[in-house]
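Examining the three-dimensional arrangement
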Amino acid sequence: MYRQTAHKVSRLLRVSPRNVTAVRCFSWTVANKFCYSSPRLSLEINNDTEIKSPTIYALSTPPGKSAISVIRVTGPGCKYIFKKLTKRSEAPKPRSITYSAIYEPNLPKSTANILDHAVILYFQSPKSYTGEDIIELQLHGGNAIVKSVLNALMKTHNPEQGYFVRYAEAGEFSKRAFQNGVLDLTQVEGIRDSIDAETETQRKAAMAPASGRMKIMYDDWRKQIVDTMALLTALIDFSEDSDITSAKELFNQSRGKVNKLLGEIKDHYKVIKRSELLVSGIRLDFLGPPNAGKSYLLNRLAERDAAIVSDVPGTTRDVLELSMDISGYKVVLGDTAGLRSVSRKGGLVVKESTDDLNYKIELEGMKRAKQRFKNSDIVLCILPLSQDPTSVSISPDVLAEIKDLQNLDKRIIVALNKEDLVDSAVSLEDVKAAYANTLQVPKDDILSVSCLTEKGITDLVQKLVSNFENMTIDTSSQGYPIGASQRTKDILQNEVVAGLEGFLAIDDETEVVIATEELRFAAEGIGKITGQGVGVEEVLGVVFSSFCIGK
């Protein structure tokens, strides 16, 4: 009986019988001996017994006192729960608002049994977020109110009448949307990333998958691959009826299409890689001598006293890291120890007297700073101007470090601080030109600022933002950032691109069978990304585990 039931469930769910037992069990009255993996509205197990999927509920707003709190319910028991909580005999109207008292479900309708007065929204299947019936209870945001309504929902569980009600697991609402065909996995991951977004550019990057743009593009790529496979399959089936010339022409035609598609996918992957900085944060580190104003500038950008500022050289010894939002970009600022004038011996930076314990600590800070610059996305070199800036005077260590970073192709922007000390008769443009010549840095990348008066700070921020845009957005292609999970990037690189390159590596039309398998590998990879191909079961847990409960 168990084996027959498992096979019947597997046919309904389109999964193999051995995978049926690999997913979460629901101990129901009739089906407590097997597991299933889909929250469809119902599963017909035999001719006379129907088992409904559970109705789930969760608090969808953050816990704690607030103006309102929203509890979301989805599943086949929504109308039943609506009637139990409101004591009404009629079901709610789809996409309409109902204002009603919420009662204890198993007690008589009376004022004493009112839990709260709520606004109730009802979305009927399949036109809802999950593809199932959904009701949303908008309650007053008191802790006691929310707790009492959640307890009331728990009391609506009634297996004798076929209503199975339980609290939702993390991400289960979105999981049902995926399993009911409302969302694909790229949209699910995009929704997760949009919730986690902390900056405007992170939000924009998440919108590409969340809005379905990536799904449409991936589906089109998959269709192109499948169409090419069909062409090659016809070549295999009717090879005896075709001459050698026509077979080679068809094969070369397929290679041309695949080569063009591979270029599109590689360009898309480059955009994704560039957009990674939006999530991890652009590493912007300050380089300069002591007392150049690095910590002062960091405080100006952070708009608070994040770093200690003093006129004592060596105040900053270790790297002070601060994450902030600059014009919608997540930026990880690093305030580093100032680089003093030192001598070099055996490749190590030392001072004439190393007995000074304070200097030894500062020396370690300088070593850490130089190591950090190697991993920087942008290095902001801050140099102090004097009352007579016509003669360029820069610490040899600073010059040497800039040269080393230029050899590593690091992006360097120079801020000439303490502009307020410069005589008004001095041409700042001439000063910038002199520094540009000494540092071998384009003049456009040198700006004069005053951390004391804040003059030039706005221009410096605009210069940084312009560089952020160039680093993260490929304006020559889609023109907008695209966020993608590590899962998606791995499949694109290791399966889709690898499969297409494997196909193109075959230039003999007599190897058409092997070439077709390479295309199949690529097509299945795209199917894994969207959730329409092989290997879906093993990625579901990873995708939905990071969601909050109620989403």
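Criteria and thresholds
Residues numbered from 1 in each chain as written. Predicted model: local features only at pLDDT ≥ 70, side-chain atom pairs only at ≥ 80, totals over all residues. Heavy atoms only, no water. Helix = DSSP H or I, 4+ residues; strand = E, 2+ residues; numbered from the N terminus. Buried < 20%, exposed > 50% of the residue type's maximum accessible area, 1.4 Å probe, protein only. Areas by Shrake-Rupley, 256 points an atom, 1.4 Å probe, with all protein chains shown as cover. Salt bridge = Lys/Arg side-chain N within 4 Å of Asp/Glu carboxyl O. Expected span 1.5 Å × (residues − 1). Arc of directions from axis to C-beta. Phe/Tyr/Trp six-rings, centres within 6.5 Å; stacked < 30°, edge-to-face > 60°. Lys NZ or Arg CZ within 6 Å of the ring centre and 35° of its normal. Pairing = 2+ DSSP bridges. Core = buried A, V, L, I, M, F, W, Y, C linked by side-chain atoms within 4.5 Å. Contact = heavy atoms within 4.5 Å. Axes fitted to C-alpha atoms, helices over the stretch in contact; angles between N-to-C directions. Parallel < 35°, antiparallel > 145°, perpendicular 65-115°, else oblique. Left-handed = near helix turned anticlockwise from the far one by under 90°. Nonpolar A, V, L, I, M, F, W, Y, C, P; charged D, E, K, R; others polar.

**Some points on the overall build of the chain**
- Check the secondary structure of the chain and you find 17 helices and 16 strands.
- Buried residues in the chain amount to 48% of all 551 residues.
- Surface exposure of the chain reaches about 27200 Å², of which carbon and sulfur atoms provide 50%.

**Some thoughts on unusual backbone geometry**
- In this structure, Pro 126 follows Ser 125 across a cis peptide bond, with omega equal to 5 degrees.
- For Ser 327, which is not glycine, the phi torsion reads 55 degrees and is therefore positive.
- Along the chain, Ser 327 turns up in the loop between strand E10 (320-326) and strand E11 (329-335).
- Under the relative-accessibility criterion, Ser 327 is labelled exposed at 52%.
- Phi at Asp 409 is positive, roughly 60 degrees, even though this residue is not glycine.
- By the element assignment, Asp 409 lies in the loop between helix H12 (396-407) and strand E15 (411-417).

**Let's talk about the pattern of salt bridges**
- All told, the structure shown has 22 salt bridges when counted by the stated rule.
- Between Glu 172 and Arg 176 there is a salt bridge whose closest N-O contact spans 3.8 Å. Of this pair, Glu 172 and Arg 176 both sit in helix H5 (residues 172-179), four residues apart, roughly one helical turn. Summarising the burial analysis for this pair, Glu 172 and Arg 176 share the class buried.
- Here Arg 372 ties to Asp 285 by a salt bridge, and the two come within 2.6 Å at their closest N and O atoms. Here Arg 372 is found in helix H11 (residues 357-373), whereas its partner Asp 285 is found in strand E9 (residues 282-287), with 87 residues between them in sequence.

**Quick look at helix H13 (residues 428-439)**
- Compared with the 16 Å implied by 1.5 Å per residue over twelve residues, the 16 Å span of H13 between its first and last C-alpha is a close match.
- Buried residues of H13: Val 431, Lys 432, Tyr 435, Ala 436 and Leu 439, and no others. Looking down the long axis of H13, one finds its buried residues gathered within 140 degrees of arc, a one-sided arrangement. In H13, those exposed residues whose orientation departs by more than 90 degrees from the buried face are Asp 430 and Asn 437.

**A look at the packing of aromatic side chains**
- The full count for this structure, using the stated rule, is five aromatic pairs.
- Over the face of the ring belonging to Phe 173 we find Arg 72, whose NZ or CZ atom lies 5.5 Å from the ring centre.

**Structural notes on the pairing of strand E14 (residues 378-384)**
- Counting buried residues in E14 gives six out of seven residues, a clear majority hidden from the surface.
- Summarising the sheet, E9 and E14 pair through four bridges and their orientation is parallel. Note that in E14 the partner of Leu 284 across the bridge is Ile 378.
- Looking at chain direction, E14 and E15 are connected through seven bridges and run parallel. Within E15, the position partnered with Cys 381 by the bridge is Val 414.

**As for the nonpolar core**
- Grouped together as the largest cluster of nonpolar side chains are 33 residues, with contacts concentrated most on Ile 225 and Leu 500.
- For this core, the secondary-structure elements that each account for two or more residues are helix H8 (213-237), helix H9 (244-280), helix H15 (486-504) and helix H16 (512-530).
- With nine residues, H9 is the largest single contributor of residues to this core.
- Sequence-distant contacts of Ile 225, defined by excluding residues within four places in its chain, comprise Leu 261, Leu 500, Leu 519, Ala 522, Ala 523 and Ile 526.

**Observations regarding the sheet that holds E14**
- Reading across the sheet, the six strands line up as E10-E11-E9-E14-E15-E16 and stay open at both edges, with mixed pairing between neighbours. Two strands bound the open sheet, and with one partner strand each, they are E10 and strand E16 (446-448). Averaged over all adjacent pairs, the angle separating strand axes in this sheet is 25 degrees, with direction ignored.
- The strands touched by H13 are E14, E15 and E16; relative to E16, the strand with the most contacts, the crossing angle is about 140 degrees.

**Here's the deal with the sheet that holds strand E7 (residues 134-141)**
- Spatial ordering of the open sheet is given by E5-E6-E7-E4-E3-E8, a layout of six strands whose pairing is mixed. The outermost strands of the open sheet, each flanked by one partner alone, are strand E5 (97-103) and strand E8 (165-167). The mean inter-strand angle of the sheet, taken between neighbouring strand axes irrespective of direction, is 30 degrees.
- Bridging between strand E3 (residues 55-59) and strand E4 (residues 66-74) involves four bridges; their strand directions are antiparallel. Within the sheet, the bridge partner assigned to Ala 58 lies in E4 and is Arg 72.
- Packing against the sheet, H5 makes contact with E3, E4 and E8, and its axis sits at approximately 140 degrees to E3.

**Some remarks on H5**
- Within H5, seven of the eight residues are buried, which leaves it mostly tucked inside the rest of the structure.
- For H5, the full list of buried residues reads Glu 172, Phe 173, Ser 174, Arg 176, Ala 177, Phe 178 and Gln 179.
- A positive phi of about 80 degrees marks Gly 181, the residue just after H5.

**Remarks on the packing of helix H6 (residues 185-196) against helix H7 (residues 200-210)**
- Between H6 and H7, whose axes approach to 7 Å, the crossing angle comes to 160 degrees. In this view, H6 runs roughly antiparallel relative to H7, as classed from their interaxial angle. H7 is crossed by H6, and the crossing has left-handed handedness. Contacts from Thr 186, Gln 187, Gly 190, Ile 191, Asp 193, Ser 194 and Asp 196 of H6 reach H7 at Gln 202, Ala 206, Met 207, Pro 209 and Ala 210.
- Grouping the amino acids of the contact of H6 with H7 by side-chain chemistry returns five nonpolar, five polar and two charged.

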